[in-house]
Each structure stands twice: as structure tokens, then as C-alpha cells.
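Take a look at the letters that make up each chain.
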Protein chains: 2
Amino acid sequence: MNEHIILHTAFRLFTTHGIQAYTMDDIASQLAISKKTLYRFFTSRHDLVQQVCKQVAADYHQDMEEADKTGEGNLRRILAYMAVNVEFCKKTSPAFFTDLQKHYPAENVALTDKLDSVIEPRLLKVLEQGIVEGVFRGSLHPRLIVSLIQQHLKKDFEFAAELVNDYSKEEVFRQAQYLFLYGIIAAEAIPQLEIELSKYSLANRLEHTEKNETF
Amino acid sequence: MNEHIILHTAFRLFTTHGIQAYTMDDIASQLAISKKTLYRFFTSRHDLVQQVCKQVAADYHQDMEEADKTGEGNLRRILAYMAVNVEFCKKTSPAFFTDLQKHYPAENVALTDKLDSVIEPRLLKVLEQGIVEGVFRGSLHPRLIVSLIQQHLKKDFEFAAELVNDYSKEEVFRQAQYLFLYGIIAAEAIPQLEIELSKYSLANRLEHTEKNETF
DNA sequence: AATAAAATCGACCAAAAATGTCGAATAGTC
DNA sequence: GACTATTCGACATTTTTGGTCGATTTTATT
């Protein structure tokens, strides 16, 4: 047994079903080890939660750096950033953040700040450059828009989880992101946007038809 | 404040996020009342859980009786029963049942038995009649099939919740039900089945196109 | 308006559950 | 076979939560 396996398991449990849903006993029995062993690698529950938060931030950061490598064009770039957010929303339960906020407030602000600091400069840069490039409306106030989208992201994230019974989280979140995109896109760039979106849409539609064709 | 409002709220919270996720304080504050008031209407937490279980069973029973009113044909009838199950799966979190099993075992068996006793005779009747009618394969052993489908229902129910990040629960559960339908349908009745299914499918596809047309 | 009755609040207590600890037991190594 | 490293699960301590009670507010009545 090593700390990586434990951390990985805790990460998975915490991010998918929330922190309070699992006691230290639960985690130990999930790993088929004793609590003693668990406490050999993590000095306390608090410690474990901190490490998981660190991992969440690191993963998000890494995904964003991956998205930075997206080829030319600020439109494509922003779509790539959004795809990362969709993925994050899909795999992370809001319960993780509500538990964090309630029981580990310090870690919550630290993580939230960290995540913000990852997305904020990227959005700002891509917006400013995109306005110059002419794909986003010139009347936009980049700093303000970045703040707004960050607020919206958090709300959409919670909302997607609420609607989980009727739609997949991905669907909800993606719709919200499209709404945002059409809000900032320059009129001249709409055809370009629709070409880019059709790639995602096509992938989606293929999935659906595939499914529907089974009967 | 009255007991119906309390019960309704507890029902919603328990069935959507599980029982252990909410303390009596949580429920009280959710209703913006004090615990004292809560305990005026329900003698204990156990009592409240029991009442919620009773309500779950009653709702399911009522929905099934509604499905009984479906017009002619055993195929339509079984589709109506399945629609009830899809609805039930959609709005009920498996956490509700796992919490029940762990912390209120007596209520769990009572509720499970009750739900089984609602679906069992209906499926048995519709299968037996459907075989005579010729819409289901004659080689089926109705009693055995009923037992099997009941087992499958429970598994699918849990599974749908696991896949919740990728697909909507409805989609998963409906696919599972189709699988079952094609398993029991008589070859001659397949066209009839597909006509019936296309009604649902059409409704689904309309939804999807509607959504996709927004961009 | 005064009084009685009913309902509500939130601090409080006791019981239950969770975190974190420790000596005993086990497995591996020389 | 003795020594070391690691694991176990029972146990003590802390935290949380179910349930209670007197004080207080609200409502109804005269």
C-alpha cells in the first residue's frame, strides 16, 4: 500500500459523491486496509482532504495547459477551455464543494482561488486578443466579462447537478457555455463559430443516432 | 405549518439525495422551522422515515394503477408499466435505498416487498395474457421472467445512477427496458413493438433537435 | 386591551457516530 | 529464531446529531 493509491481512491470518492459521504472507516474498507494503515500515510482527515484539493487543482491546471496547446485562433482556444470546464463539471459532484465550504472553509477558498487563478488569465487573454482579432464583439469589457463568466460557471455547475435526472450534466453545461459564446461572438464570426460547434454537435448527434438505432 | 408540508419536503430531500444526507436540523432549517415544531408532527426521525417510505410506496402504487387504465393490448400495457419505472428511477436516488438498507433495515424490506407486490402481479398477468395474445414468445416461463426482470430492475436502477455523469438516467434506464422488451417479444409482434417505441423515440428526438437547433 | 391558549424557538442534554491511538499480531529478512 | 517493518481492529476521545424543555411569540377570545 502506498499514499498514491490512497490519494487516488479518496480523490475519486470525494469528487464523485462529496466528502462527508465517506468516513475514514469507509475509505479504509474501500481500500481493504485498516485505519491504522491509512493514518500512516495521512496524519489526519484534514490532511487527506487537503491533498485531494491539491490534486483537484493540479488536474485542472494540467488540463488547461493541455488546452493552451490548441492550434491557431482565439475562438478555438476558448472552445478548448470550455471543453475542460465541461469535463470538470461532468466528473465533479457539487457535493464536493458544498462539503468543503461547510467543513473545510479554508481549503475551499484556497481551492476556489486556485481554480479561478487558472481560468482567469486565460479567459482574459483570449478575450482581449479575440476582440482585436475580430471574433468577439468590440463592445465587450474583457475584465468584466471574465468576472461574469466565472460567476456563471459556478452557478451552472450547481444547476447541472440539479437537473441530473432529466438531462446529462454535459448537456446542461454545454448549453450554458453556448449561451455565453453567442453572447460574446462578433456577428461576422458567427459562421465560423457554427462550423466549430458543428464538430461537437456532430459528435453528439452520432452518439444519439447510434443509440437510437439499436431499436 | 402542517405535517403534509413537512412530509412532502422530507420526501423530496430523502428520495433525491438519500436519507443520511439530511439531519433533523437540516430538514427543520430547510422548512425554516425549529426542531421543536418538527417533533410536534413526527415523534422521531424513525417515524419520519417510515412516513416517507409509506408515501413512496403509495405514489408508486398510484402510478401503476394509472398505468392499468392504458387501453387495449398487453404490449401497450407493459410499456406503460415500464414508463412508470423509468419515472421512478428518474426521481429516486439509489442513496435513498442504500441508506434505508443500512440504517432502517426493517423499513427497507417492507418497502421493497411492497414495491415488488405492486409490480409482480401486473407483470405476471400481462406476460401470461401477452403470450396467449401472441405478442410475447411462447417459450417464456412467465413466473421466472417476472423474477428475472425484478432483479434486473434493481441493478439497472443503481447502474443508471452511476452513469449519471455521461447520460441522463432516463436514457440509461430506457435502454435497459428496451433490451428486456426485445428479449420477450414474439417475432411477429416486432413491427408492432417498433411502432409503439417510435412514439417515445420521436418524442425524444424532437427534444434533441429542438435543443440542437438553438445553435 | 387584557388574558388565555397554542405554537414556535433555539439552547441544551444524552446518545450515537466519527476521528484518531495503541498494544498485539503478522509477515518478511537476515 | 530473533529482529524489524507493517498491519490489524479494539478502544478512548471528540464531534455530531437525535430528541427535550422552559422561555417567548403569536393567535384567539372575551
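Predicted, not measured: the structure shown is a model, and the values here were computed from it.

Novice: A description of the side chain of T9 of chain B should follow, citing residues and the corresponding values.
Specialist: Along the polypeptide, T9 of chain B turns up in helix α1 (residues 3-17). The residues contacting T9 of chain B, other than those within four sequence positions of it, are Q30 and L31 of chain B.

Novice: Hey, could you go over the protein's contact with DNA strand C for me, with residue numbers and the actual values?
Specialist: As a structural note, the neighbourhood of DNA strand C is formed by 15 residues, with K35, K36 and Y39 of chain A together with S34 and K36 of chain B the closest of them. Of all DNA strand C atoms lying within 4 Å of any protein atom, the proportion belonging to sugar or phosphate reaches 54%. In this structure, a base nitrogen belonging to DNA strand C sits 3.2 Å away from a side-chain N or O atom of K36 of chain A. Going through the elements one at a time, α2 (24-31) and α3 (35-41) of chain A together with α3 (35-41) of chain B are the ones with two or more residues in the surface near DNA strand C. Class assignment of the residues belonging to the surface near DNA strand C gives a composition of five nonpolar, four polar and six charged.

Novice: Tell me about the pattern of salt bridges, residues and numbers included.
Specialist: Residue and element names in this part refer to chain A. Counted under the stated rule, the structure contains 20 salt bridges over all chains. Linking E170 and K90 is a salt bridge whose minimum nitrogen-to-oxygen distance equals 3.2 Å. Of this pair, E170 sits in helix α9 (residues 169-184) while K90 sits in helix α5 (residues 74-91), and the two are 80 residues apart along the sequence. K90 shares its class with E170; the two are buried. For E158, the salt bridge identified is with K155, shortest N-O distance 3.6 Å. Within this pair, E158 and its partner K155 are both found in helix α8 (residues 142-162), separated by three residues, close to a single helical turn.

Novice: Hey, could you go over the packing of aromatic side chains for me, with residue numbers and the actual values?
Specialist: Residues and elements named next belong to chain A. Taken as a whole, this structure holds 10 aromatic pairs over all chains when the rule is applied. Measuring from ring centre to ring centre gives 6.4 Å for F88 and F97, while their planes differ by 50 degrees; the resulting arrangement is tilted. Of the residues examined, F88 reaches a relative accessible area of 13% and is grouped as buried. Through pairs of rings, three or more aromatic residues link up here, namely Y60, F88, F96, F97 and F157. The ring centre of F41 lies 4.8 Å from the NZ or CZ of R40, which sits over that ring.

Novice: So, the protein's contact with DNA strand D: which residues are in play, and what are the values?
Specialist: What surrounds DNA strand D is a group of 14 residues, the closest being K36 of chain A together with M24, K35, K36 and R45 of chain B. Close to the protein, within 4 Å, the atoms of DNA strand D belong to sugar or phosphate groups at a rate of 49%. The separation between a phosphate oxygen of DNA strand D and a polar main-chain atom of S34 of chain A is 2.8 Å. M24 of chain B places a main-chain nitrogen or oxygen 2.8 Å from a phosphate oxygen of DNA strand D. Put simply, the parts of the chain that give the surface near DNA strand D at least two residues each are α3 of chain A together with α3 of chain B. Residue composition of the surface near DNA strand D, by class: five nonpolar, four polar and five charged.

Novice: Describe the layout of surface pockets, and please don't skip the residues or the numbers.
Specialist: Residues and elements named next belong to chain A. Counted as a void, the second largest pocket has a volume near 530 Å³. Taken together, 20 residues line the second largest pocket, and the ones lying closest to its centre are F97, T112, L115, K154 and F157. Of all the secondary structure elements, the ones that give two or more residues to the lining of the second largest pocket are α5, α6 (94-103), α7 (105-133) and α8. For the lining of the second largest pocket, the element with the most residues is α7, which contributes six residues. Its residues placed into classes, the lining of the second largest pocket shows 11 nonpolar, six polar and three charged.

Criteria and thresholds
Residues numbered from 1 in each chain as written. Chains lettered and ligands numbered in written order. Predicted model: local features only at pLDDT ≥ 70, side-chain atom pairs only at ≥ 80, totals over all residues. Heavy atoms only, no water. Helix = DSSP H or I, 4+ residues; strand = E, 2+ residues; numbered from the N terminus. Contact = heavy atoms within 4.5 Å. Near = heavy atom within 4 Å. Polar contact = N/O pair within 3.5 Å; in protein donor to acceptor, adjacent residues only side chain to side chain. Nonpolar A, V, L, I, M, F, W, Y, C, P; charged D, E, K, R; others polar. Salt bridge = Lys/Arg side-chain N within 4 Å of Asp/Glu carboxyl O. Buried < 20%, exposed > 50% of the residue type's maximum accessible area, 1.4 Å probe, protein only. Phe/Tyr/Trp six-rings, centres within 6.5 Å; stacked < 30°, edge-to-face > 60°. Lys NZ or Arg CZ within 6 Å of the ring centre and 35° of its normal. 1 Å grid on protein atoms, 1.4 Å probe; cavity = no way out; pocket = protein on both sides within 12 Å on 5 of 7 lines; lining within 4 Å. Points joined across faces, edges and corners; volume = space filled by probe spheres on them.

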